[in-house]
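A look at the structure
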Amino acid sequence: MSQIVKPGSSGKSFEIPKVLVWEAYLKVKANRGAAGVDQQSLADFARNEKKNLYKIWNRMSSGTYFPPPVRAVEIPKAGGKGVRVLGVPTVADRVAQTVVAMTLEPEAEKIFHPDSYGYRPGRSALDAVEVCQKRCWQSQWVIDLDIQGFFDNVPHDPIVTAVEKHTDLPWVLLYVKRWLTAPMQQTDGSLVTRDRGTPQGSAISPLLSNLFMHYAFDDWLARMQPMVRFERYCDDVIVHCVSEKQAQYITRSIKERLARLGLQLHPEKTRIVHCVQEDRTRDHHYGVEFTFLGYTFRPRYARLRDGRWKSGFLPAVSKAAKKAMAREIRGWRLGRRTNLSFSEVAAMINRTVSGWINYYGHFYKSLLISFLRDQINPHLVKWAMRKFKHLHRAPAKARRRIAHIAATHPGMFTHWRHGALPSGSTTGAV
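Residues numbered from 1 in each chain as written. Predicted model: local features only at pLDDT ≥ 70, side-chain atom pairs only at ≥ 80, totals over all residues. Heavy atoms only, no water.

Strand order in the open sheet formed by four strands is 6-7-3-8, with antiparallel pairing between adjacent strands. Whereas interior strands pair on both sides, the edge strands pair on one side only; in this sheet they are strand 6 (229–233) and strand 8 (271–274). This sheet shows a mean twist of 20° between the axes of neighbouring strands, independent of strand direction. Here four bridges tie strand 3 (residues 141–146) to strand 8, and the two strands are oriented antiparallel to one another. Bridging from a neighbouring strand, D144 pairs with R271 of strand 8. Its contacts with the sheet place helix 5 (residues 125–138) against strand 3, strand 6 and strand 7 (236–241), and it is angled at close to 160° to strand 6. Along the sheet, helix 10 (residues 244–260) makes contact with strand 3, strand 7 and strand 8, crossing strand 3 at roughly 20°. (Pairing = 2+ DSSP bridges. Helix = DSSP H or I, 4+ residues; strand = E, 2+ residues; numbered from the N terminus. Axes fitted to C-alpha atoms, helices over the stretch in contact; angles between N-to-C directions. Contact = heavy atoms within 4.5 Å.)

What follows concerns helix 12 (residues 342–360). Compared with the 27 Å implied by 1.5 Å per residue over 19 residues, the 26 Å span of helix 12 between its first and last C-alpha is a close match. In helix 12, a bend of some 40° at N350 exceeds every other bend along the element. Among the residues of helix 12, F342, V345, A346, I349, N350, V353, W356, I357 and Y360 are the ones counted as buried. (Expected span 1.5 Å × (residues − 1). Bend = angle between axes of the 7 residues up to and from the residue. Buried < 20%, exposed > 50% of the residue type's maximum accessible area, 1.4 Å probe, protein only.)

Turning next to the pairing of strand 11 (residues 309–317). For strand 11, a buried count of seven out of nine residues is recorded, marking the element as mostly surrounded by other parts of the structure. In terms of strand pairing, strand 10 (residues 295–303) meets strand 11 through nine bridges, oriented antiparallel. Within the sheet, the bridge partner assigned to F297 lies in strand 11 and is P315.

Extensive coverage of strand 3 is indicated by the burial of five of its six residues. Direction of pairing for strand 3 relative to strand 7: antiparallel, over a ladder of six bridges. Bridge pairing in strand 7 links V142 to H240.

Below you can see the structure in the form of structure tokens.
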């Protein structure tokens with residue numbers, strides 16, 4: 001698959017380099033992911049890698065590639081309120097989608113707004129949270145936007161129009177149209193046809209969503225209100241305003257704009273928030289907190305460099321994120337892992353905990369660390385009580401045993417290294 005096709009040399013309808021298919025496959029492998037409707041895993045695909053990749057290239061190049069249905073998978077929403085439906089394509093389809101995404105993305109990147117952060121190279125959710133924090137300090141008012149059922153309801157025609165603006169390759173447009181209308185296979189096996197929406201979970205969906213939102217929101221707002229700043233991560237948007245009156249006006253304008261495109265703002269989740277801190281008087285008609293990308297922004301006390309405490313409008317790990325982490329911690333069932341050694345228990349959970357700390361500990365880390373201490377350490381005590389017979393009915397002794405281990409080996413668990421030590425530990429880990 002490493003040979004590049006020279007223009008006009010393939011005899012196919014479209015000149016698609018074979019090396020592009022190979023590079024797309026490497027991306028799909030790195031991202032991993034579940035099997036689609038054909039139940040073919042990445043490992044299964046790799047067993048006949050060369051033949052499978054050639055088939056994708058051959059069909060895409062000849063114009064005869066038709067995407068199979070995407071498999072509907074329900075996952076719990078953050079906070080446990082309802083489910084979110086993902087559309088999982090087959091491995092081959094993910095490769096084909098990535099071929100188109102890699103072709104289209106460089107052109108789209110040239111026009112994307114600097115305040116768009118989602119699924120873009122060199123940008124992250126933490127970048128968006130950091131910019132949001134600074135702007136909350138600068139402006140007192142925020143519009144917390146929630147587009148109701150965005151991925152299920154985004155219209156197809158504006159997406160196709162946006163794609164047409166950024167490519168002159170007919171095969172890119174052809175396959176985008178086919179993916180937009182590919183059916184979704186429900187859990188009972190039935191197929192649902194689609195005339196709108198782009199399923200979360202597909203490789204092409206983030207780019208198509210960004211293209212739609214660029215023209216529907218970013219570019220429009222920048223032209224209509226060039227002084228108004230915002231942060232957007234796909235369909236998750238925060239808008240900053242200098243006054244209550246401006247916030248009300250822009251909320252109405254956004255609502256009307258999206259309605260013309262067939263989308264609605266969620267009437268309960270979209271709201272105006274007053275960013276209250278020490279030098280601002282609260283307007284009691286409005287709430288004083290909002291959640292963005294797993295962080296809840298609200299007034300919090302923080303210690304200054306000179307040791308004084310001051311109230312600021314600051315982000316910290318959200319309740320919904322803590323609830324999801326607590327659910328995963330319970331799912332480890334550490335108290336029943338008595339077949340493992342203590343170091344094996346650490347190896348089992350450290351990678352996940354490191355990920356939490358790297359993300360949710362970026363701002364107001366102390367709140368996350370205290371949460372991890374209170375959530376994980378009691379499960380380690382339960383493990384010790386079941387692992388060692390002399391601790392079966394001695395929780396106080398088990399807690400002292402865990403505290404002693406933490407004092408002796410403070411680097412064994414990731415959360416210990418960051419200060420989430422059991423009570424009784426005397427090490428100076430931070």
